[in-house]
Amino acid sequence: MNNKTFLETGIAYLELVRKHKPIIHHLTNSVTINDCANCVLALGGSPIMADEEEEIEDIVSIASCLVLNIGTLTKRTLASMVAAGKAAHKRAIPIVLDPVGAGASQFRTKAVQLLLQEVKPSVLRGNLSEIRCIAGLNVQTRGVDASTEDAMGDLEQEKSLARALATRLSCVVAITGAIDIVSDGIITVTISNGRARLASVTGTGCMSTSLVGTFCSVGDDLLVSTVMGIMCMGIAGELGEMVCPHRGLGSFHQSLIDQISLLDAQTLLSRGNINVQ
Amino acid sequence: MNNKTFLETGIAYLELVRKHKPIIHHLTNSVTINDCANCVLALGGSPIMADEEEEIEDIVSIASCLVLNIGTLTKRTLASMVAAGKAAHKRAIPIVLDPVGAGASQFRTKAVQLLLQEVKPSVLRGNLSEIRCIAGLNVQTRGVDASTEDAMGDLEQEKSLARALATRLSCVVAITGAIDIVSDGIITVTISNGRARLASVTGTGCMSTSLVGTFCSVGDDLLVSTVMGIMCMGIAGELGEMVCPHRGLGSFHQSLIDQISLLDAQTLLSRGNINVQ
Amino acid sequence: MNNKTFLETGIAYLELVRKHKPIIHHLTNSVTINDCANCVLALGGSPIMADEEEEIEDIVSIASCLVLNIGTLTKRTLASMVAAGKAAHKRAIPIVLDPVGAGASQFRTKAVQLLLQEVKPSVLRGNLSEIRCIAGLNVQTRGVDASTEDAMGDLEQEKSLARALATRLSCVVAITGAIDIVSDGIITVTISNGRARLASVTGTGCMSTSLVGTFCSVGDDLLVSTVMGIMCMGIAGELGEMVCPHRGLGSFHQSLIDQISLLDAQTLLSRGNINVQ
């Protein structure tokens, strides 16, 4: 696919989201859970947040995608995530994993390893520190935020990393940063949308992941879905900054949801800045 | 009571809320907990969120109403809700139950049955799917959001359902949707306020329930209080849409809290669209 | 220090926050967790929220300050807080405790006593009811909100209370209210910034505490850091009210984060209204 047909495929997915209102089951963190639910609704999906192990199978059975986000993981919710992942496999629905803070603690690093083994996600989306940690590389973590090294990354090296990890894990791998990289091991896509300011609002990474999950629920091509979720968040950041250039981070935060809810095919075609290789 | 005296009674309750700032104890979900607290404050009440079983009795003892919302229920919080309900009965304060997602999992359906038996809520507020599930009718669930059947409901049938369930459970039953129905088994009120867009922001149902709880804390007539809570949310939706017609869902979300905090007797009298039968 | 050099010291801390982006580890409540994270980011810090006991030591080891907030405490998170406090002592990073609702239940009152003994916080910030409870005085609690007595407090008495408690606990004590009081037992500072409306948005106390923690992470003088955190919240309230005088509480809430993100030395110098004694 060239850039344009890739984009057009993704835009068709947006129409499907709005038509079918797919249910996106989240096991996510308590910091950004409201934003995750609202960005799924803004895109046209229907979020459900449920992490009690006893109801996991039932909830997975009505969902079209499972999103796992370890931002405020506990032992209890880790067990629920494993159960949810297994139920999702039985149902053959896609699983998107956000390894928030992998590398910041042994507990998180091991939890991600467990989820990769037991759950085998369809898509993995993290920042450079998190993805490097998962790949077994040295990491200087900055907690849950991108570290300085993220900003200094070498693009070609990062593309190789995404490609290799995608092949090894048999899933789509996304490394988000100033330029986002998404690879399924064969095709690698870079996305040059977004604004630095997105890093100053908590949960914009989590929201990207939730948007990715929403696209994955309707489209067969998970590479396209992953690119679309991340690109939509980036474009929302660009438009949000245009709307309130002199206002602060509270207004910017709110306008992200505004802009996601107002996205249309025309905007995505004209602003989407991707490169399919 | 005719429509006008019904409304005037409810408006007097709003004055009482602002005068006494009643404490509303919530055991609620982690998705919309901030919005629930802020809408109670916006109306003039004082929210307290506490679900550790060990402190439940103490917190109930300083509260004027108990709100139970099962949106992200766990086994731990279910036990706390039962304890809270029993403490609320001892103190004779009203209990409002929001059965979020009843029918979406066996766990939730059984939890609601347990709460109805052990806690005997004073008010039950849900969407059509949830209320049909509780009534033992067939349900095609859409997770925590209203299902398509909700939009196609037959108003007279729904009124009968609310009336019958209210009689059976000896509580006020509210079915919220395009037209809201509230019944205590004898009197049935329909509310024609609100906007479709309210369903595109997570937690507007939960917020309605919290507003109902706030009104219940000051007024003897729980039917009036329930109508007021739901009607105020609907009117906030109408005014919120007027303020930002071309803006997105983030702005609309924020303006709901704005409008609740700005409600006055004049606005409620002129916009309140209820029918008491 | 006189008022001006005190302020100038604090303003230098703000520059340090923006330069070093310190990691602020929170164990906090589920109601205001998103606002706490966003206000730390708005000031220039990097929040991390983690309360699983198994990862506490690892997370504390990358943090520059620990914030403990008992707003929705459970037995599980209390144990994690004790572990976090001990780890913070080993690392010699400051600990800020927000005793939300102390006095509202035996569980909270005892939890605060336990934390004071086992964790020995560097800074304690609460409203008058909470601080009176901790000091062993009679309290008429209003749950988690300030009680009426808070508004009627006698300023000189409150100063003595803060001074005495700071000496007894060997920490900085802040009593926030219409006029805020901060004391380390020797120097006592009053802050006359803020607006009554701040009490109508949930979490403005929690946000103050998170801002205090962010300043404490960079400045040696914890008295200055505590005053700065509380003063910044007050000034954000003043500026937020100026921006949207006729709008409701949702807009005011959002503008608090806006104003924190826009704070600069000039604004702090001209609006900061403190009295160092």
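Structure: above.
Below you will find a few notes about this structure. Remember, predicted model here, so these are calculated numbers, not experimental data. (Residues numbered from 1 in each chain as written. Chains lettered and ligands numbered in written order. Predicted model: local features only at pLDDT ≥ 70, side-chain atom pairs only at ≥ 80, totals over all residues. Heavy atoms only, no water.)

**Section: the relation of the copies chain A and chain C**
You can overlay chain A on chain C at an RMSD of 0.0 Å; the transform is a turn of 120 degrees with a shift of 0.0 Å along its axis. The transformation just described matches what one would write down for a three-fold rotation axis. Nearest to the rotation axis, the C-alpha of A:S30 is located 3.7 Å from it, this being the minimum over chain A. Interface overlap between copies: only 3% of the residues of chain A at the interface are likewise at the interface in chain C, consistent with a contact formed by different surfaces. (Least-squares fit on C-alpha atoms with pLDDT ≥ 70 in both. Contact = heavy atoms within 4.5 Å.)

**A short note on helix α3 (residues 53-62) of chain B**
By the burial criterion, the buried members of α3(B) are B:E55, B:I56, B:I59 and B:V60. Buried residues in α3(B), looked at end-on, bunch into an arc of 145 degrees, giving them a common side. Here the buried face of α3(B) lies against β1 (23-27), β2 (46-49) and α4 (75-91) of chain B together with α5 (106-118) of chain C. (Buried < 20%, exposed > 50% of the residue type's maximum accessible area, 1.4 Å probe, protein only. Helix = DSSP H or I, 4+ residues; strand = E, 2+ residues; numbered from the N terminus. Arc of directions from axis to C-beta.)

**Observations concerning the interface of chain A and chain C**
Chain A puts 31 residues into the contact, and the matching count from chain C is 27 residues. Taking both sides of the interface into account, the surface hidden between chain A and chain C amounts to around 2,200 Å²; carbon and sulfur atoms contribute 52%. Counting the surface chain A buries against chain C, the share from its top three residues, A:V31, A:F107 and A:R142, is 21%. The tally of links from chain A across to chain C stands at three salt bridges. The partner of A:K75 in a salt bridge is C:E54, and the shortest N-O contact between them spans 3.4 Å. (Buried area = accessible area lost by both parts, 1.4 Å probe. Salt bridge = Lys/Arg side-chain N within 4 Å of Asp/Glu carboxyl O.)

**Observations concerning the sheet that holds strand β5 (residues 123-127) of chain C**
All names here are of chain C. Within the open sheet, the nine strands sit side by side as β2-β1-β3-β4-β5-β6-β7-β8-β9. Their pairing is mixed. Since the sheet does not close on itself, it has two edges, and those belong to β2 (46-49) and β9 (274-276), each with one partner. Across the sheet, the mean angle separating the axes of adjacent strands is 15 degrees when strand polarity is ignored. Pairing of strand β7 (residues 180-183) with strand β8 (residues 188-191) involves four bridges; the strand directions are antiparallel. (Pairing = 2+ DSSP bridges. Axes fitted to C-alpha atoms, helices over the stretch in contact; angles between N-to-C directions.)

**Some thoughts on the sheet that holds strand β5 (residues 123-127) of chain B**
Residue and element names in this part refer to chain B. The mixed open sheet is built from nine strands, whose spatial order is β2-β1-β3-β4-β5-β6-β7-β8-β9. The open sheet has two edge strands with one neighbour each: β2 and β9 (274-276). Looking at each pair of strands side by side, their axes are set apart by 15 degrees on average, direction ignored. One ladder, built from three bridges, connects strand β6 (residues 172-176) with strand β7 (residues 180-183); its direction is antiparallel. Paired with A174 across the bridge in β7 is V182. Sitting on the sheet, helix α8 (residues 155-169) is in contact with β5, β6, β7 and β8 (188-191), with an inclination near 30 degrees to β7.

**Re empty space enclosed by the protein**
Using the criterion set out here, one finds one cavity of 30 Å³ or more in the structure. Size it by volume and the largest cavity reaches roughly 640 Å³. Forming the boundary of the largest cavity are 35 residues, of which A:H253, B:N34, B:H253, C:N34 and C:H253 lie nearest the centre. Considered class by class, the residues forming the lining of the largest cavity number twelve nonpolar, 20 polar and three charged. (1 Å grid on protein atoms, 1.4 Å probe; cavity = no way out; pocket = protein on both sides within 12 Å on 5 of 7 lines; lining within 4 Å. Points joined across faces, edges and corners; volume = space filled by probe spheres on them. Nonpolar A, V, L, I, M, F, W, Y, C, P; charged D, E, K, R; others polar.)

**Things to note about the interface of chain B and chain A**
Taken residue by residue, the interface counts 31 residues in chain B and 27 residues in chain A. Together chain B and chain A conceal approximately 2,200 Å² of surface at their shared face, both sides included; 51% is due to carbon and sulfur atoms. Our enumeration of links across chain B and chain A arrives at three salt bridges. Counting across the interface, chain B meets chain A through 13 residue pairs in polar contact (both at pLDDT 80 or more). Here the side of chain B that touches chain A takes five residues from helix α11 (residues 249-262) of chain B, the largest share from any one element. When the residues that make up the side of chain B that touches chain A are grouped by side-chain class, the tally is eight nonpolar, 17 polar and six charged. (Polar contact = N/O pair within 3.5 Å; in protein donor to acceptor, adjacent residues only side chain to side chain.)

**With respect to the side chain of A:T72**
With respect to the helices and strands, A:T72 occurs in the loop between β3 (65-69) and α4 (75-91). Taking the relative accessible area as the measure of exposure, A:T72 reaches 17% and is therefore buried. A distance of 3.0 Å separates a polar side-chain atom of A:T72 from the backbone nitrogen of A:S30. In contact with A:T72, not counting residues within four places along its chain, are A:N29, A:S30, A:V31 and C:M49.

**Remarks on the pairing of β7(C)**
Of the two faces of β7(C), the one holding C:D180 and C:V182 and the one holding C:I181 and C:S183 are both buried throughout. Remark: four residues form the turn of the hairpin made by β7(C) and β8(C), two consecutive strands paired antiparallel; C:G185 in that turn has positive phi of roughly 100 degrees.

**Quick look at the pattern of salt bridges**
As enumerated under the stated definition, the model contains 33 salt bridges over all chains in all. The partner of C:R108 in a salt bridge is B:E55, with the nearest N and O atoms 2.7 Å apart. One end of the pair, C:R108, is in helix α5; the other, B:E55, is in helix α3, on a second chain. A relative accessible area of 0% places C:R108 in the buried class. With relative accessibility at 0%, the residue B:E55 sits in the buried group. If you follow the salt bridges from partner to partner, you end up with A:E52, A:E54 and B:K75 in one network.

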